Structure formats: C-alpha cells, structure tokens
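# Descriptive analysis of the structure
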Amino acid sequence: MEQLHLDNYLQGKQNTSQKAYHKAAKKRAPAIRDKIIEALKVKPMTGYELCELLDLRFCSVRPRLADLSRKYKKIEPTGEERKNGFGNNELVWQLTSEV
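The rules behind these values
Residues numbered from 1 in each chain as written. Predicted model: local features only at pLDDT ≥ 70, side-chain atom pairs only at ≥ 80, totals over all residues. Heavy atoms only, no water. Helix = DSSP H or I, 4+ residues; strand = E, 2+ residues; numbered from the N terminus. Buried < 20%, exposed > 50% of the residue type's maximum accessible area, 1.4 Å probe, protein only. Contact = heavy atoms within 4.5 Å. Areas by Shrake-Rupley, 256 points an atom, 1.4 Å probe, with all protein chains shown as cover. Pairing = 2+ DSSP bridges. Arc of directions from axis to C-beta. Polar contact = N/O pair within 3.5 Å; in protein donor to acceptor, adjacent residues only side chain to side chain. Axes fitted to C-alpha atoms, helices over the stretch in contact; angles between N-to-C directions. Parallel < 35°, antiparallel > 145°, perpendicular 65-115°, else oblique. Left-handed = near helix turned anticlockwise from the far one by under 90°. Nonpolar A, V, L, I, M, F, W, Y, C, P; charged D, E, K, R; others polar.

With that out of the way, let us pick up the overall build of the protein. The secondary structure content of the protein amounts to four helices and three strands. Scanning the protein from its N terminus toward the C terminus, one meets helices and strands in the order α-α-β-α-α-β-β. Each of the 99 residues in the protein was classed as buried or not, and the buried ones make up 28%. Here the contacts in the protein between residues at least 6 apart in sequence split such that 46% fall between residues at least 24 apart. Total accessible area on the protein stands at roughly 7,400 Å², and carbon and sulfur atoms take up 51% of it.

Moving on, we get to the pairing of strand E2 (residues 75-83). The pairing of E2 with strand E3 (residues 89-95) spans six bridges and is antiparallel. Within E3, the residue paired with Lys-83 across the bridge is Asn-89. Here E2 folds back onto E3 in antiparallel fashion, the turn holding five residues, of which Gly-87 has a positive phi close to 85°.

Our focus in this paragraph is the sheet that holds strand E1 (residues 45-46). Ordered in space as E1-E3-E2, the three strands form an open sheet in which the pairing is antiparallel. At either margin of the open sheet sits one strand with a lone partner, and together these are E1 and E2.

All right, on to helix H3 (residues 47-54) then. When H3 is considered as a whole, its buried residues turn out to be Gly-47, Leu-50, Cys-51 and Leu-54. With its buried residues spanning 100° around the axis, H3 presents them on a single face. The exposed set on the far side of H3, more than 90 degrees from its buried face, consists of Glu-52 and Leu-53. Just past H3, the residue Asp-55 takes up positive phi, approximately 55°.

This brings us to unusual backbone geometry. For Asp-55, which is not glycine, the phi torsion reads 55° and is therefore positive. For Asp-55, the location among the structural elements is in the loop between H3 and helix H4 (58-71). Look at Lys-73: it is not a glycine, yet its phi comes out positive at around 55°. Looking at where Lys-73 falls in the secondary structure, it is placed in the loop between H4 and E2.

This paragraph deals with the side chain of Arg-33. Within the secondary structure, Arg-33 is located in helix H2 (residues 16-42). For Arg-33, a relative accessible area of 14% puts it in the buried group. Here the side chain of Arg-33 touches Asp-67 through a polar contact of 3.3 Å, side chain to side chain. Dropping the residues within four chain positions of it, Arg-33 is found in contact with Arg-64, Asp-67, Leu-68 and Tyr-72.

In this section: the packing of H3 against H4. With their axes 9 Å apart at the nearest point, H3 and H4 run at an angle of 125° to one another. The orientation of H3 with respect to H4, classified from their angle, is oblique. Between H3 and H4 lies a crossing of right-handed hand. Between H3, through Gly-47, Tyr-48, Leu-50 and Cys-51, and H4, the contact on the second element is made entirely by Phe-58, Val-61 and Leu-65. Among the residues forming the contact of H3 with H4, the class breakdown is six nonpolar, one polar and no charged.

Okay, structure coming up:
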C-alpha cells in the first residue's frame with residue numbers, strides 16, 4: 001500500500017536527478033553537436049567512430065546525430081555502412097550542403 005501511495009505522489013512530477021540531467025543536457029548538447037560537425041568536416045564517420053574520436057559515450061552522441069539529421073538538417077547518411085566495434089553495421093554520416 002505504501003508503494004502505491006508513493007507512485008501516485010510521484011506521478012507527473014520530476015525528481016531532482018531528472019531535472020539535473022535535463023539541465024546538463026541542455027548545456028552539453030550544443031557543444032557535442034558542434035564537435036560532431038567539426039569532426040565531419042574532416043571526413044564522413046559513423047557514430048561509433050565519432051565516439052572514439054571525441055572520447056564520448058554513444059548515449060551522448062546518438063541523440064545529437066538524430067538532432068543534426070532530423071531537426072537541423074546538417075548531416076545525412078552517405079549511403080555507406082561500416083562495421084562498428086561490436087561488429088554491427090552502422091550508417092556513415094556526412095555534412096549536408098547547408099553547412
């Protein structure tokens with residue numbers, strides 16, 4: 001019964017960890033997007049290659065790739081795929097002509 005009461009209390013509310021995460025993400029996301037754009041100016045790369053080059057975790061890079069592709073239209077797939085460090089195929093990204 002006590003757990004149900006707590007769930008009802010927390011429903012629709014953000015805890016402090018979630019708030020801190022979103023605040024940090026708002027500050028970091030633009031910087032990571034900028035780093036990705038600079039790296040792709042050198043050559044097209046996969047998300048995995050970008051992680052290794054920029055020393056970032058994939059969970060930080062992947063959402064920025066989605067933003068840059070869908071929201072900002074600054075990157076696009078080359079049509080090529082490469083194997084990542086886990087042996088899976090991954091899209092190779094390049095800058096669009098808008099950058």
